[in-house]
Amino acid sequence: MIRNGHGLAGGAEQPGPGSRPAVRVWCDGCYDMVHYGHSNQLRQARAMGDYLIVGVHTDEEISKHKGPPVFTQEERYKMVQAIKWVDEVVPAAPYVTTLETLDKYSCDFCVHGNDITLTVDGRDTYEEVKQAGRYRECKRTQGVSTTDLVGRMLLMTKAHHSSQEMSSEYRAYADSFGKCPGGRNPWTGVSQFLQTSRKIIQFASGKEPQPGDTVIYVAGAFDLFHIGHVDFLAKVHGLVERPYVIAGLHFDQEVNHYKGKNYPIMNLHERTLSVLACRYVSEVVIGAPYAVTAELLDHFKVDLVCHGKTEIMPDKDGSDPYQEPKKRGIFRQIDSGSDLTTDLIVQRIIKNRCGRGLVGSGTRSLGSHTHPRPRPRPQAGV
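Criteria and cut-off values
- Throughout, residues of each chain are indexed from 1 in the direction in which the sequence is written.
- A pLDDT threshold of at least 70 governs which residues receive local features in this predicted model, and a stricter bar of 80 or more applies before side-chain atom pairs are shown or counted, although totals over entire chains, interfaces and linings include all residues.
- Excluding hydrogens and water, the side-chain figures rest on all heavy atoms present in the structure.
- Under the DSSP-based scheme used, a helix requires at least four consecutive residues in state H or I and a strand at least two consecutive residues in state E, with every element numbered from the N terminus.
- Burial classes: relative accessible area under 20% of the type maximum marks a residue as buried, over 50% as exposed, and values in between as partly exposed (1.4 Å probe, protein chains only).
- Any two residues having at least one pair of non-hydrogen atoms within 4.5 Å are treated as being in contact.
- Each accessible area is a Shrake-Rupley result for a 1.4 Å probe, and residues are judged covered by the shown protein chains and nothing else.
- Strands are labelled as partners when DSSP assigns at least two bridges between them.
- Axis geometry follows a simple rule: fit a line to the C-alpha atoms, using only the stretch in contact for helices, then measure angles between N-to-C directions, giving values from 0 to 180 degrees.
- Should an angle fall under 35 degrees it is taken as roughly parallel, and over 145 as roughly antiparallel, whereas 65 to 115 is taken as roughly perpendicular and any remaining angle as oblique.
- What makes a crossing left-handed is the near helix being turned counterclockwise from the far one by less than a right angle; a clockwise turn instead makes it right-handed.
- Only the six-membered ring of Trp is used, alongside the rings of Phe and Tyr, when aromatic pairs are assigned; centres must lie within 6.5 Å, and planes under 30 degrees apart are stacked while those over 60 apart are edge-to-face, with the rest tilted.
- By definition here, charges over rings are those cases where NZ of Lys or CZ of Arg is within 6 Å of the ring centre and within 35 degrees of the ring normal.
- What counts as a disulfide here is a pair of cysteine sulfur atoms lying within 2.5 Å.

**Q** Tell me about the overall build of the protein, and please be specific about residues and values.
**A** The helix and strand inventory of the protein stands at 14 helices and 11 strands. Residues classed as buried in the protein amount to 58% of the 382 residues present. Put simply, 78% of the contacts in the protein that link residues at least 6 apart link residues at least 24 apart. Of the accessible surface of the protein, which amounts to about 16500 Å², a share of 51% is contributed by carbon and sulfur atoms.

Here it is in structure tokens:
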């Protein structure tokens, strides 16, 4: 059970009379296939100042430098805005970060991961702001990369469900997929993510429900946390004036039972951080039971239980997992207005993999490894 902050955009406090000026921080990137590594980078950047502005590149700009993105620019704008440490999103941000951009948005400096990034023609994308002393670095999140997530989808194995020895097929993929000509993996090494209590605490920094709050419970896999999830949670959050949204995340084995194949793509620990980073979620239950029981509802003092329009799979005994909240008259189905599912994302990935390539976090276009090229700009350095 992890409590989470749920301040909305623009919630940063501005300094009062006589106080020091607010420090405004700039980040930018593609933010395609956003994962908790991106969220962690933005969390670190926000901690360096008082107000975080994130610039997101257009589809056209990304295609020009890296190949077509998986998600549209509108989807990517909305996804970044849903990250709780982001105060403002700037659409159509320039690909190369300049002093002009920082000055336009009154930013003191920009923040990027601790890796060198180049444009297609070999230019350091942060050269100008570095020379002006308006550049800061944050640590990359080890154990996660878009490369690794794509590998999990394409190989259709379950090696990512545990920290045990990876299958020989998965390890061969991990060892070769992102290597440069010298044989060194320049990205993350495609390592297993290791959860720690410290990392959870960094992501979870919220409050208990207060008198007058409406406690809303939602449950699911929340795998590859994406814009479909964000749309649903935003709708749930907007149902009442003072929402306190609790998200129950099912165990990996439970998800695999009702989803099959190699699902979930992200293990429970990874899914926890992804959901904790969302501004619409107040608390996360790690390893929630599949059936929403009377004990769960009473323990959390739940006022409302919500589910999307996706099919509700019966429990192992054939019963309806939502029969108790339905009996109490507190169950509501919510139409998020989005038809995007994890399955559809995987189909997009496969389509891009077989086509021109895939924009990734710290990856080259996946469809082209024949000709050496300068390392392109990753998604916000994570």
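And the narrative resumes.
**Q** Go over the pairing of strand E5 (residues 109-113) with me, naming the residues and quoting the values.
**A** Counting buried residues along E5, 5 of its 5 residues qualify, which places the element largely inside the surrounding structure. Sheet analysis places strand E2 (residues 24-29) next to E5, joined by 2 bridges and oriented parallel. Within E5, the residue paired with Val25 across the bridge is Phe109. Taken together, the 4 bridges between E5 and strand E6 (residues 135-138) define a ladder with parallel strand orientation. The residue of E6 that forms the bridge with Gly113 is Cys138.

**Q** Provide a residue-level description of unusual backbone geometry, including the pertinent values.
**A** Tyr263 connects to Pro264 through a cis peptide bond whose omega is 0 degrees. Phi angles above zero are rare outside glycine, and Met33 is one such case at about 55 degrees. With respect to the helices and strands, Met33 occurs in the loop between E2 and helix H1 (36-47). Taking relative accessible area as the criterion, Met33 reaches 6% and is therefore assigned buried. A positive phi is found at Lys301, a non-glycine position, where the angle reads about 55 degrees.

**Q** Account for the packing of helix H3 (residues 73-81) against helix H9 (residues 227-237), naming residues and giving values.
**A** Packing of H3 against H9 leaves a shortest axis separation of 10 Å and a crossing angle of 55 degrees. Of the possible angle classes, the one that applies to H3 and H9 is oblique. Judged by the sense of rotation from one axis to the other, the crossing of H3 with H9 is left-handed. On H9, the residues touching Glu75, Lys78 and Met79 of H3 are Ile227, Val230 and Asp231.

**Q** Tell me what's going on with the packing of aromatic side chains, and back it up with residues and numbers.
**A** Counting across every chain of the model gives 6 aromatic pairs. Summarising the aromatic geometry, the rings of Tyr258 and Tyr290 are spaced 5.2 Å apart at their centres and angled 35 degrees between planes, so their arrangement reads as tilted. Highlighted residues: Tyr258 in helix H10 (residues 252-259) and Tyr290 in the loop between strand E9 (283-286) and helix H12 (294-299), separated in sequence by 32 residues. Like Tyr258, the residue Tyr290 is buried in the burial classification. For the pair Tyr322 and Phe331, a centre-to-centre distance of 5.1 Å together with 50 degrees between the ring planes defines the contact as tilted. Here Tyr322 matches Phe331 in class, with each residue buried. Sitting over the face of the ring of Tyr263, Lys259 holds its NZ or CZ atom 4.7 Å from the ring centroid.

**Q** Can you lay out H10 for me, pointing to particular residues and giving the numbers?
**A** All buried positions along H10 are accounted for by Asp252, Glu254, Val255, Asn256 and Tyr258. As for H10, its buried residues are in contact with strand E7 (214-220) and helix H11 (268-276). The first or second residue beyond H10 is Gly260, which carries a positive phi of 75 degrees.

**Q** Pulling in residues and values, what's your account of the state of the cysteines?
**A** By the definition in use, this model includes 0 disulfides. Considering cysteine sulfurs only, Cys27 is the nearest to Cys138, which forms no disulfide, with 6.7 Å between them. Given the relative accessible area of 4%, Cys138 is considered buried.

**Q** Can you break down the environment of Leu239 residue by residue, with the values?
**A** Within the secondary structure, Leu239 is located in the loop between H9 and strand E8 (243-249). Looking at Leu239, the relative accessible area reads 29%, which means it is partly exposed. Considering only alpha carbons, one finds Leu239 and Ile216, 23 residues apart in sequence, at a separation of 9.5 Å. The residues contacting Leu239, other than those within four sequence positions of it, are Leu304, Cys306, Arg332 and Ile334.

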